[in-house]
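These are the residues of each chain, in order.
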Amino acid sequence: MDLSTFSYQKFVNFALQETKLRTGLAPLPSHEKFRLLRSKDNNTVLRTLSFCAPKIRLVRSLTVEGNRAMQVLDFAVFPEPEFDLPIFCANFFTNASLSIVVLDLNPLYDVTIHTDYKEKYYRKLLPLGKKYFELLPWGGNITGESLRFFSPIVIWTRFTSSQFKHDVLYSAFMDYFKAWLALMDEAVKETSACHIHRNREAQHKYLRWRAEKDPGHPILKKLVGENLAKELVWRFLFDGVDSLGAKTFLDYFPEYKCDSGTINQKRSVMGKSYETRPWDLNGEFVGNHSG
Ligand code: BLA
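For the protein chain, the name recorded in an unreviewed UniProt entry is (wild Malaysian banana) hypothetical protein, with Musa acuminata subsp. malaccensis as its organism. Per UniProt, the comment on the protein chain under Sequence similarities (unreviewed entry) is "Belongs to the HY2 family."

K.L.:
Could you give an account of helix 6 (residues 193-213), with specific residues and numbers?
P.N.:
The terminal C-alpha atoms of helix 6 lie 30 Å apart, and with 21 residues this matches the ideal 30 Å at 1.5 Å per residue to within 8%. Considered for burial, the residues of helix 6 that qualify are Ile 196, Asn 199, Ala 202, Gln 203, His 204, Tyr 206, Leu 207, Arg 208, Trp 209, Arg 210, Ala 211 and Lys 213.

K.L.:
So what about the packing of aromatic side chains? Which residues, and what values?
P.N.:
Scanning the entire structure with this criterion turns up 31 aromatic pairs. Ring geometry for Phe 75 and Phe 177: centres 5.7 Å apart, planes at 75°, overall edge-to-face. Of this pair, Phe 75 sits in strand 5 (residues 70-79) while Phe 177 sits in helix 5 (residues 163-186), and the two are 102 residues apart along the sequence. For the pair Phe 75 and Phe 177, a shared accessibility class is recorded, and that class is buried. On the basis of an interplanar angle of 55° and a centroid distance of 5.4 Å, the ring pair of Trp 209 and Phe 253 is categorised as tilted. Of this pair, Trp 209 sits in helix 6 while Phe 253 sits in the loop between helix 9 (249-252) and strand 10 (272-273), and the two are 44 residues apart along the sequence. Of the two residues, Trp 209 and Phe 253, both sit in the buried class. When the ring centre of Tyr 170 is taken as origin, the NZ or CZ atom of Lys 10, which lies over that ring, is 4.2 Å away. Its guanidinium or amino end placed over the ring of Phe 133, Arg 277 lies 3.5 Å from that ring's centre, counting from NZ or CZ.

K.L.:
Please provide a residue-by-residue account of the environment of Lys 178, values included.
P.N.:
Within the fold, Lys 178 resides in helix 5. Separated by 78 residues in sequence, Lys 178 and Ile 100 place their C-alpha atoms 22 Å apart. If we skip the residues at most four places from it in the chain, Lys 178 touches Phe 14 and Glu 18.

K.L.:
Got a sec to walk through the packing of helix 7 (residues 217-224) against helix 8 (residues 226-237)? Specific residues and values, please.
P.N.:
Direction vectors running N to C along helix 7 and helix 8 enclose 130°, while the axes themselves pass 7 Å from each other. What the angle tells us is that helix 7 and helix 8 run oblique. Along this stretch, helix 7 crosses helix 8, giving a crossing that reads as right-handed. For the pair formed by helix 7 and helix 8, the contact residues are His 217, Leu 220, Lys 221 and Val 224 on the first element and Glu 226, Leu 228, Ala 229, Leu 232, Val 233 and Leu 237 on the second. Its residues assigned to classes, the contact of helix 7 with helix 8 comprises seven nonpolar, one polar and two charged.

What counts, and at which threshold
Residues numbered from 1 in each chain as written. Predicted model: local features only at pLDDT ≥ 70, side-chain atom pairs only at ≥ 80, totals over all residues. Heavy atoms only, no water. UniProt positions renumbered as here; feature names shortened; annotations may be inferred. Helix = DSSP H or I, 4+ residues; strand = E, 2+ residues; numbered from the N terminus. Expected span 1.5 Å × (residues − 1). Buried < 20%, exposed > 50% of the residue type's maximum accessible area, 1.4 Å probe, protein only. Phe/Tyr/Trp six-rings, centres within 6.5 Å; stacked < 30°, edge-to-face > 60°. Lys NZ or Arg CZ within 6 Å of the ring centre and 35° of its normal. Contact = heavy atoms within 4.5 Å. Axes fitted to C-alpha atoms, helices over the stretch in contact; angles between N-to-C directions. Parallel < 35°, antiparallel > 145°, perpendicular 65-115°, else oblique. Left-handed = near helix turned anticlockwise from the far one by under 90°. Nonpolar A, V, L, I, M, F, W, Y, C, P; charged D, E, K, R; others polar.

Here is the structure:
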């Protein structure tokens with residue numbers, strides 16, 4: 001596929017326009033310095049946008065535009081801790097031959113354990129997921145660690161890059177984003193300090209996970225260098241990782257602790273499993289751990 005005419009910018013524009021129809025977006029001045037970055041070889045442009053809004057702690061996007069070589073979107077919406085809303089997550093990596101896609105309303109609480117949370121948010125969304133599971137089929141083995149952050153309607157897929165597939169992906173993105181906004185509209189502010197604390201910690205755990213283990217980091221490092229990549233990840237993409245809680249990565253994920261006390265650099269300690277979609281069409285977990 002010719003990537004020179006392809007961009008994920010229209011995905012971002014859609015999401016922001018759609019959000020503005022419902023709520024006021026305020027820009028975040030602390031992110032100003034990340035707005036436009038260039039790769040060291042000058043071939044790739046990285047653009048970011050970020051805002052906050054009532055109910056929304058942070059909505060942010062990163063696009064990486066490498067002309068013919070690659071196009072990347074990392075778009076996420078993090079709710080205020082007063083809401084137990086899912087985290088909207090769109091991560092699309094595309095090069096001329098291959099696209100790797102995660103599109104989901106990532107649950108704040110592991111839905112294989114917290115079935116009440118699953119019922120609250122995903123029961124009504126199952127038909128939406130079903131609409132796309134055939135055209136955007138399960139992308140094969142996924143690590144057990146990632147799966148804990150995914151919902152029964154997650155679109156995890158890999159495909160040969162083509163205009164048709166990207167049109168389907170755009171349609172899925174619009175549907176999933178509108179579904180998230182509808183949840184946001186209905187969301188009622190939590191008043192119990194205990195529940196708010198729990199939501200904040202769950203979001204912090206998610207931020208710790210992604211700030212440490214996101215598969216995109218090596219590419220960002222290659223593009224803009226280790227220091228700027230680190231800042232981009234910690235201060236922009238997963239902003240809040242230093243302020244929403246005091247727990248460390250190893251507090252949340254002690255299984256990654258090496259004998260020396262450092263964090264195991266591997267992305268997964270459980271290994272890859274879940275070769276096929278581990279939820280049935282009723283949203284029941286049917287994961288057969290393939291080792
Ligand atoms: C691959 N990205 C992946 C994979 C997943 C994700 C699941 C497959 C590899 C794997 O099994 O781990 C995405 N993983 C996620 C997400 C969560 C998670 C969203 O746990 C949420 C909890 N991806 C990006 C950006 C880049 C990028 C910004 O988001 C590049 C700048 C690239 N992702 C990228 C590449 C791969 C990948 C190159 C394939 C390489 C690899 O598997 O190491």
